[in-house]
Amino acid sequence: MPALVVWEPLIAAGDDLYILSTCRICLYLAEIGLVIPITYYVMKNDHDPGPFVEVGCVGSVHTFDNWKIMAEAICIFTIFASVIAIAISFAICQVSRRGTPTDTAARRLLVPLCKCNMFPVLLMKFSILVLVSIIFYGTNKYCSCVQNTIGLDKLEGRQSCPSAREWFYLVRVFIFMISADILVP
């Protein structure tokens, strides 16, 4: 239903999706705000994986390059998916405010928009969660190897370990946010 009009339009009424869509837009903007610094770190991270290949923490230089390319692609895909989700949520927000309880023709686009929000956007978010979890697991495995290796300088190992950096805490928050986004479609 559109917003009720008593003396002035109220924010919510009946099955109005305006508030929910606004909250989702804020969530997607927060996700973009988290992904941008993560993307910056991943693109800036260009340390030499050679010593870590020698001690066995990284399988090969190509493995490191694949990790970096996959992490960059996930970050860019996340920004792209969030922009699409913002556009759909904004459209839901606008359409849900149209019409009246008896005149529902103005809201006929709401059902396809909600279906689009439920399936394609949810599928994109779920694929992002799976890919980020894979990167997260591989990074933690690499970091535990680096920290347990005696042959490397401990300080150098900790400095090269992404999980010891601030950006990796952002990854943890991002995983929590996107999990909440998937669980509450």
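Refer to the structure above for everything that follows.
Attention here is on the structure that accompanies the text.

What counts, and where the lines are drawn
Residues numbered from 1 in each chain as written. Predicted model: local features only at pLDDT ≥ 70, side-chain atom pairs only at ≥ 80, totals over all residues. Heavy atoms only, no water. Helix = DSSP H or I, 4+ residues; strand = E, 2+ residues; numbered from the N terminus. Expected span 1.5 Å × (residues − 1). Buried < 20%, exposed > 50% of the residue type's maximum accessible area, 1.4 Å probe, protein only. Polar contact = N/O pair within 3.5 Å; in protein donor to acceptor, adjacent residues only side chain to side chain. Contact = heavy atoms within 4.5 Å. Salt bridge = Lys/Arg side-chain N within 4 Å of Asp/Glu carboxyl O. Core = buried A, V, L, I, M, F, W, Y, C linked by side-chain atoms within 4.5 Å. Disulfide = S-S within 2.5 Å. Axes fitted to C-alpha atoms, helices over the stretch in contact; angles between N-to-C directions. Parallel < 35°, antiparallel > 145°, perpendicular 65-115°, else oblique. Left-handed = near helix turned anticlockwise from the far one by under 90°.

Before going further, it helps to spend a moment on helix 5 (residues 120-148). Counting along an α-helix, one turn takes 3.6 residues, and residues three or four places apart therefore face a common direction. Between its first and last C-alpha atoms helix 5 spans 42 Å; for 29 residues at 1.5 Å apiece the expected length is 42 Å, and the two agree. Among all positions in helix 5, only Val121, Met124, Lys125, Ile128, Leu129, Val132, Ile135, Phe136, Thr139, Tyr142, Cys143 and Val146 are buried.

Another aspect to go through is the side chain of threonine 78. Considering the arrangement of structural elements, one finds threonine 78 in helix 3 (residues 61-95). Side-chain polar atoms of threonine 78 contact the backbone oxygen of isoleucine 74, separated by 2.7 Å. Apart from the residues within four sequence positions on either side, threonine 78 is in contact with Val35, Ile128 and Phe174.

Further remarks concern the pattern of salt bridges. By the definition in use, this model includes 2 salt bridges. Notably, a salt bridge pairs aspartate 181 with arginine 24, separated by 2.9 Å at the nearest N-O pair. A residue pair is termed long-range when its members are at least 10 positions apart, and aspartate 181 in helix 7 (residues 166-183) and arginine 24 in helix 1 (residues 18-44) qualify at 157 residues. On the basis of relative accessibility, which here comes to 2%, the residue aspartate 181 falls in the buried class. Between lysine 125 and glutamate 31 there is a salt bridge, with the nearest N and O atoms lying 2.6 Å from each other. Residue lysine 125 is found in helix 5, and its partner glutamate 31 is found in helix 1; the two are separated by 94 residues along the sequence. Note on glutamate 31: relative accessible area 0%, which makes it buried.

Val132, Tyr142, Trp167, Val171 and Phe174 are the most contacted members of the largest nonpolar core, which has 42 residues in total. Contributions of two or more residues to this core are made by helix 1, helix 3, helix 4 (110-118), helix 5 and helix 7. Sorting elements by how many residues they give to this core places helix 3 first, with 11 residues. Residues contacting valine 132, with those up to four places away along its chain left out, are Ile74, Val171, Phe174 and Ile175.

As a further point, take the environment of methionine 124. For methionine 124, the position within the fold is in helix 5. In this structure, the C-alpha to C-alpha distance between methionine 124 and phenylalanine 77, residues 47 residues apart in sequence, is 8.8 Å. Every residue in contact with methionine 124, bar those within four places of it in the chain, is listed here: Phe77, Ala81 and Ile84.

All told, the structure shown has 0 disulfides when counted by the stated rule. Here cysteine 26 is not disulfide-linked; the sulfur of cysteine 23 is the nearest cysteine sulfur, at 6.4 Å. Its relative accessible area of 48% is what places cysteine 26 among the partly exposed residues.

Attention now goes to the environment of leucine 20. Residue placement: leucine 20 occurs in helix 1. Separated by 72 residues in sequence, leucine 20 and isoleucine 92 have C-alpha atoms that sit 9.5 Å apart.

The contact between helix 5 and helix 7 brings their axes to 10 Å, and the two run at 150°. One finds that helix 5 runs roughly antiparallel with respect to helix 7. For the element pair helix 5 and helix 7, the recorded crossing hand is left-handed. For the pair formed by helix 5 and helix 7, the contact residues are Leu122, Lys125, Phe126, Ile128, Leu129, Val132, Phe136, Thr139 and Asn140 on the first element and Phe168, Val171, Arg172, Phe174, Ile175, Ile178, Ser179, Asp181 and Ile182 on the second.

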